Amino acid sequence: MTRFIFITGGVVSSLGKGLCSAALGALLQNRGFKVRLRKLDPYLNVDPGTMSPYQHGEVYVTDDGAETDLDLGHYERFTGVATRKSDNVTTGQIYTKVLARERRGDYLGATVQVIPHVTDAIKEFITADVTDEDFVVCEVGGTVGDIEGLPFLEAIRQMGNELGPERTLFMHVTLVPFIKAAGELKTKPTQHSVKELQGMGIKPDMLVCRAEHPIEASDRRKIAQFCNVRPEAVIPAMDVDSIYAVPQAYHAEGLDDEVLRHFKLTGGVPDLTRWDEIVRRVRQPDGAVTIGVVGKYTSLLDAYKSLAEALTHGGIANNVKVRINWLDSEIFEKEEEALHHLEEVNGILVPGGFGERGSEGKIKAAGFARTRQVPYFGICFGMQMAVIEAARSLGGLTGADSTEFGPCEDPVVGLMTEWTKGNQVERRNAAGDLGGTMRLGAYPCVLAKGSRVQEAYNGADLIYERHRHRYEVNINYRAMLEGKGLHFSGLSPDGELPEIVEIPEHPWFVGVQFHPELKSKPFEPHPLFTAFIKAAVDKARLV
Ligand code: GLN
C-alpha cells in the first residue's frame, strides 16, 4: 500500500522544502521503506528547459531524458533512487494534457474546468508510475497563497479526503523568525500560514519549523496549540553547517518517528552511520584543494547546484575539503591579467553552458590548464571549448569554432542533426523548437582501453551518462586532434559521437560531453569527480 506525504511551504520561499523532502525520503528509506519523491511545480512553462538559470537555477536531467527541477537532484543525492520524467510535473504539462483531451473530444461535451478536470489530471500524475513504493513524498513548489498553486493544493486536499489519514499526511514547512529587537522567536507567521492552508481545506498533520535559533519546548507547545497539531508533530529545523547533516538533525527532532506514528507503522531501527561518516568527512577533512570553476552564471550558485555537490563528493572520496573559486569567464576576455586568478587554483573546471557570451574566456581557461599542466575537467560546453582550444593552438586552425555561435571556417563543434536512441533515429533541424529537443537523458559510451577515464571508471568498457546538448564535437577532426595529443577516449557505440576527450600527456585533462555531476552522490561519489579531485590533490602536493 502506497502512502502519500504532501509537503507544502509557507511564510517565505527558499525554506529548503526540497532538502526537507529529500531528508525525509532518506530517513524513511533508512527505516526499511521504499520511497519515491516527486515535485509539483505550479509555473506555466512545460519544463524548466527553456528558462534562464537566473530564473530557475540548474535544470536537472533524468535518465529518461526529462528536464526537471533541481530539487530532483537533492532527491537522488539523498536516496540514491533514480528520478524519472514522472517525478516532476508543471502547470504547463497539466494544461497541455487537459487541452489535448478537450480537442480530442474526450470530455464528451462537458465544460472543461479547473475542478474537476485540472485537479483530476494533477491527481493522475501524483498516483501514476507507482508500483510497490511504501511512500511517495510529494513536494508542492511555491508558497501557500500563490495563485498558481491553488489547483495543486485543491488536488492534494481531495486526495486527503479520498484516501484518508491512513494513506495521506500533510506536512507544512514554515519559518519561525528571530526578531532581534524583541530577542524572541516569533510564531505568528507560522500561525498565519497554517490558517491560510486550513482555509483551503488542508489541516497540516505536521509542521517543520525552520529557524536560525533553537525553538524551545514552550514555543513548540505554543505553535502546536495555535496550529492544532500535537507538540511532537512540531519539528524544529535549525540551520546546519552541511546539507548532509540534515537527515541526522531532523531525525533527532523526531521527524521520521512522527511520520511513522501517524501511519501507525514502526519500521526498522534507524541506523544513520552512513550519514555520520559523510558528515565526519565533510567536517574533518585532511586538507583542502581549490578548484576554479570558470562559468557564466557564477553569481547565482543554484545554477550549478549538482556541480558544487559533485565537487564536494569528490572531496569526500579523497578526504579533503573542496573550495570553489567561482570565476566569471568574461573576465578572462577583458584582461590577460585575469589568468592570474587561475594560478591560485589546483584544478580548473569549465561546466556546461550555452551561447557565445564568455566562451572565449572559457577557451582561454582551457588553454591555461593545458599548457600549465593544471588538472582540467571540461563538462559538456567545457569539453567543446577545450576541443576548440586544442584545434586552434595545437592544430593551427585559427578559424576553429562552434557553429552554436554562427557559421565558421572550421566547425570542430557542430549542430547535431541526427543520432540514435535505442533502436530509433532522432532527427532535428536548426529551425525547430528549442524546448525539449536536445539530446537528453542517458546514453551509452564505450571507453577506450587503457585510457585515463577507463581507469577512473574502474576498468569499465561501457558506461551510461546523462546528456543535455544540441551540439557535438565533430568526429571528422578526430585524426588531426589525436595526432596532436588530444585523444577521443569515449565514443557512442556506433563510433559517430565523441563523448570523451583526454590528453594522455597531461596530469589530468578530461572533457566529457555528458553531465557526470547529475549522478554523483555523497555515499557514491562520481568516479570522474573522485579522479579529478585526486589529481588536484596531487597538484597541491597534499599527498
Ligand atoms: N551549448 C552546448 C550544446 O548545446 C553545450 C550544452 C551544455 O553544456 N549542456 O551543445
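Keep in mind that this is a model prediction, so the values were computed, not measured.

A.B. asks: I'd like to hear about the sheet that holds strand S23 (residues 487–491), residue by residue, with values.
C.D. replies: If you walk across this open sheet you meet the nine strands as S13-S12-S14-S15-S25-S24-S23-S20-S21, and the pairing is mixed. Across the chains shown, the open sheet's two edge strands, defined by having one partner strand only, are strand S13 (321–328) and strand S21 (462–469). On average, adjacent strands in this sheet sit at an angle of 25° to one another, irrespective of strand direction. As judged from the four bridges shared by S23 and strand S24 (residues 498–502), these two strands associate in the antiparallel manner. Within S24, the residue paired with phenylalanine 488 across the bridge is valine 501. Packing of helix H12 (residues 305–318) onto the sheet brings it into contact with strand S12 (288–295), S13, strand S14 (347–350) and strand S15 (376–379), and relative to S13 it is tilted by some 145°. Contacting S12, S14, S15 and strand S25 (509–512), helix H15 (residues 359–371) crosses the sheet at an angle of about 150° to S14.

A.B. asks: Residue-level account of the environment of tryptophan 508, with values.
C.D. replies: With respect to the helices and strands, the residue tryptophan 508 is situated in the loop between S24 and S25. Linking tryptophan 508 and glutamine 198, residues 310 residues apart in sequence, is a C-alpha distance of 57 Å. Ignoring any residue separated from it by four or fewer positions in sequence, one finds tryptophan 508 in contact with Val374, Pro375, Tyr376, Phe377, Arg452, Leu528, Ala531, Phe532 and Ala535.

A.B. asks: Now, about the nonpolar core: what can you tell me, with residues and values included?
C.D. replies: Within the largest apolar cluster, 55 residues are counted, with the highest numbers of intra-cluster contacts made by Ile5, Leu24, Met171, Val208, Tyr250, Leu255 and Val259. Tallying contributions element by element places helix H1 (residues 17–30) first for this core, with eight residues. Apart from the residues lying within four places of it in its own chain, the contact partners of leucine 255 are Leu24, Leu27, Met171, Met206, Val208, Ile235 and Tyr250. Ile348, Ala366, Val413 and Tyr477 belong to the second largest nonpolar core, which has 38 residues in total.

A.B. asks: I'd love a proper account of the pattern of salt bridges, names of residues and values included.
C.D. replies: Where side chains of opposite charge bring their charged atoms close, a pairing between them can arise. Summed over the entire model, instances satisfying the criterion amount to 42 salt bridges. Two residues, arginine 36 and glutamate 133, come together in a salt bridge whose shortest N-O distance is 3.7 Å. Residue arginine 36 is found in strand S2 (residues 35–41), and its partner glutamate 133 is found in the loop between helix H5 (114–127) and strand S6 (135–140); the two are separated by 97 residues along the sequence. Looking at arginine 36, the relative accessible area reads 3%, which means it is buried. Judged by its relative accessible area of 2%, glutamate 133 falls in the buried class. Where aspartate 87 meets arginine 38, a salt bridge forms, and the shortest distance between an N and an O atom there is 3.0 Å.

A.B. asks: Quick one: what's the story with the state of the cysteines, residue by residue and with numbers?
C.D. replies: Under the counting rule described, the total for this entry stands at zero disulfides. The thiol of cysteine 20 is not disulfide-bonded; the next cysteine sulfur, from cysteine 209, is found 11 Å away.

A.B. asks: Lay out the site of the ligand in plain terms, naming residues and giving numbers.
C.D. replies: Residues in contact with the ligand, as listed here, are Gly352, Gly353, Phe354, Cys380, Phe381, Gln384, Glu404, Arg468, His469, Arg470, Tyr471 and His515. Contacts to the ligand include arginine 468, whose backbone N or O atom sits 2.9 Å from a nitrogen atom. Contacts to the ligand include histidine 515, whose side-chain N or O atom sits 3.1 Å from a nitrogen atom. About the coverage of the ligand: the protein hides 99% of its 290 Å² of free accessible area. At the level of secondary structure, the elements contributing two or more residues to the shell around the ligand comprise helix H16 (381–393) and S21. Residues belonging to the shell around the ligand are distributed by class as follows: four nonpolar, five polar and three charged.

A.B. asks: Tell me about empty space enclosed by the protein, residues and numbers included.
C.D. replies: According to the stated counting rule, one finds two cavities of 30 Å³ or more in the structure shown. In terms of lining, the largest cavity is formed by Thr8, Gly9, Val140, Gly141, Gly142, Thr143, Val144, Asp146, Gly149 and Leu153. Among the residues forming the lining of the largest cavity, the class breakdown is three nonpolar, six polar and one charged. Val35, Arg36, Leu37, Tyr75, Thr79, Val81, Ala82, Thr83 and Asp87 together form the lining of the second largest cavity. Sorting the residues of the lining of the second largest cavity by element identifies S2 and helix H3 (71–79) as the ones contributing at least two each. Here the element with the most residues in the lining of the second largest cavity is S2; it accounts for three residues. Each residue belonging to the lining of the second largest cavity can be placed in one class, and the counts come to five nonpolar, two polar and two charged.

A.B. asks: Break down the side chain of threonine 437 for me, with residues and values.
C.D. replies: Position of threonine 437 relative to the elements: it lies in the loop between strand S19 (424–427) and strand S20 (439–447). For threonine 437, a relative accessible area of 16% puts it in the buried group. A distance of 3.0 Å separates a polar atom in the side chain of threonine 437 from a polar atom in the side chain of arginine 470. Every residue in contact with threonine 437, bar those within four places of it in the chain, is listed here: Trp419, Arg428 and Arg470.

A.B. asks: Break down the packing of helix H7 (residues 188–199) against helix H8 (residues 217–227) for me, citing the residues and quoting the values.
C.D. replies: Contact geometry for H7 and H8: axes closest at 10 Å, N-to-C directions at 25°. Looking at the two axes, H7 sits roughly parallel to H8. Between H7 and H8 lies a crossing of right-handed hand. Two secondary-structure elements touch here, H7 through Thr190, Gln191, Val194 and Gln198 and H8 through Ile223, Phe226 and Cys227. Residues that form the contact of H7 with H8 fall into these classes: four nonpolar, three polar and no charged.

A.B. asks: With reference to specific residues and values, describe the pairing of S19.
C.D. replies: Relative to S19, strand S18 (residues 418–421) is paired through four bridges, and the arrangement is antiparallel. Paired with glutamate 418 across the two strands is arginine 427, which belongs to S19.

A.B. asks: Quick rundown of a nonpolar patch on the surface? Include the residues and the values.
C.D. replies: On the surface, Val446, Leu462 and Tyr464 cluster together into a nonpolar patch covering about 270 Å² of accessible area. Residue position: valine 446 is located in strand S20. Since its relative accessible area comes to 36%, valine 446 is described here as partly exposed.

A.B. asks: Break down the sheet that holds strand S16 (residues 400–402) for me, citing the residues and quoting the values.
C.D. replies: Strand order in the open sheet made by the three strands is S16-S17-S22, with mixed pairing throughout. One side of each edge strand has no neighbouring strand; the edge strands of this open sheet are S16 and strand S22 (471–473). Between one strand axis and the next, the sheet turns through 25° on average, direction left out of account. Sheet analysis places S16 next to strand S17 (residues 410–415), joined by three bridges and oriented parallel. Paired with alanine 400 across the bridge in S17 is aspartate 410. Strands in contact with H16 are S16, S17 and S22; relative to S16, the strand with the most contacts, it is inclined by about 165°.

Procedures and definitions
- Positions within a chain are numbered from 1, following the residues in the order the chain's sequence is written.
- Predicted model: local features are reported for residues with pLDDT of at least 70 only, side-chain atom pairs are reported and counted for 80 or more only, and whole-chain, interface and lining totals are derived from all residues.
- No hydrogens and no water enter the side-chain calculation; it runs on all heavy atoms of the structure.
- At least two DSSP bridges between two strands are required for those strands to pair.
- Strands here are runs of E lasting at least two residues and helices are runs of H or I lasting at least four, both read from the DSSP assignment and numbered beginning at the N terminus.
- Note on geometry: axes are C-alpha line fits, over the in-contact stretch for helices, and angles between N-to-C directions span 0 to 180 degrees.
- Contacts are assigned to residue pairs that have any heavy atoms within 4.5 Å of one another.
- Note on terminology: a nonpolar core comprises buried Ala, Val, Leu, Ile, Met, Phe, Trp, Tyr and Cys residues joined through side-chain atoms within 4.5 Å.
- Type-normalised accessible area, obtained with a 1.4 Å probe on protein chains alone, sets the label of each residue: buried when under 20%, exposed when over 50%, and partly exposed for intermediate values.
- The term salt bridge refers to a side-chain nitrogen of Lys or Arg lying within 4 Å of a carboxyl oxygen of Asp or Glu.
- Criterion for a disulfide: a pair of cysteine sulfur atoms within 2.5 Å.
- For this description, a residue counts as near a given molecule or strand if any of its non-hydrogen atoms is within 4 Å of it.
- A 3.5 Å cut-off defines polar contacts: any pair of N or O atoms within that distance qualifies, except that in protein one atom must be a possible hydrogen donor and the other a possible acceptor, and neighbouring residues in sequence count only when both atoms are side-chain atoms.
- Exposure was quantified through the Shrake-Rupley algorithm and a 1.4 Å probe, taking into account, for residues, occlusion by the shown protein chains and nothing else.
- Amino acid classes used here: Ala, Val, Leu, Ile, Met, Phe, Trp, Tyr, Cys and Pro are nonpolar; Asp, Glu, Lys and Arg are charged; the rest, including Gly, are polar.
- Cavities and pockets are defined on a 1 Å grid built over the protein atoms alone: a cavity is a set of grid points where a 1.4 Å probe fits but cannot escape, while a pocket is an open set with protein on both sides within 12 Å along at least five of seven lines, and lining residues are those with an atom within 4 Å of any such point.
- Grid points are joined across faces, edges and corners, and a volume is the space filled by probe spheres set on the points.
- For classification, angles of less than 35 degrees are called roughly parallel, those exceeding 145 degrees roughly antiparallel, those between 65 and 115 degrees roughly perpendicular, and all remaining angles oblique.
- By definition, any crossing whose near helix is turned counterclockwise from its far helix by less than a right angle is left-handed, and any crossing with a clockwise turn is right-handed.
- Grouping into patches uses exposed residues only, defined as over 30% relative accessible area, and leaves out salt-bridged ones; the cut-off is 9 Å for like charges and 5 Å for nonpolar side chains (Val, Leu, Ile, Met, Phe, Trp, Tyr).

The analysis is restricted to geometry; functional conclusions fall outside its scope.
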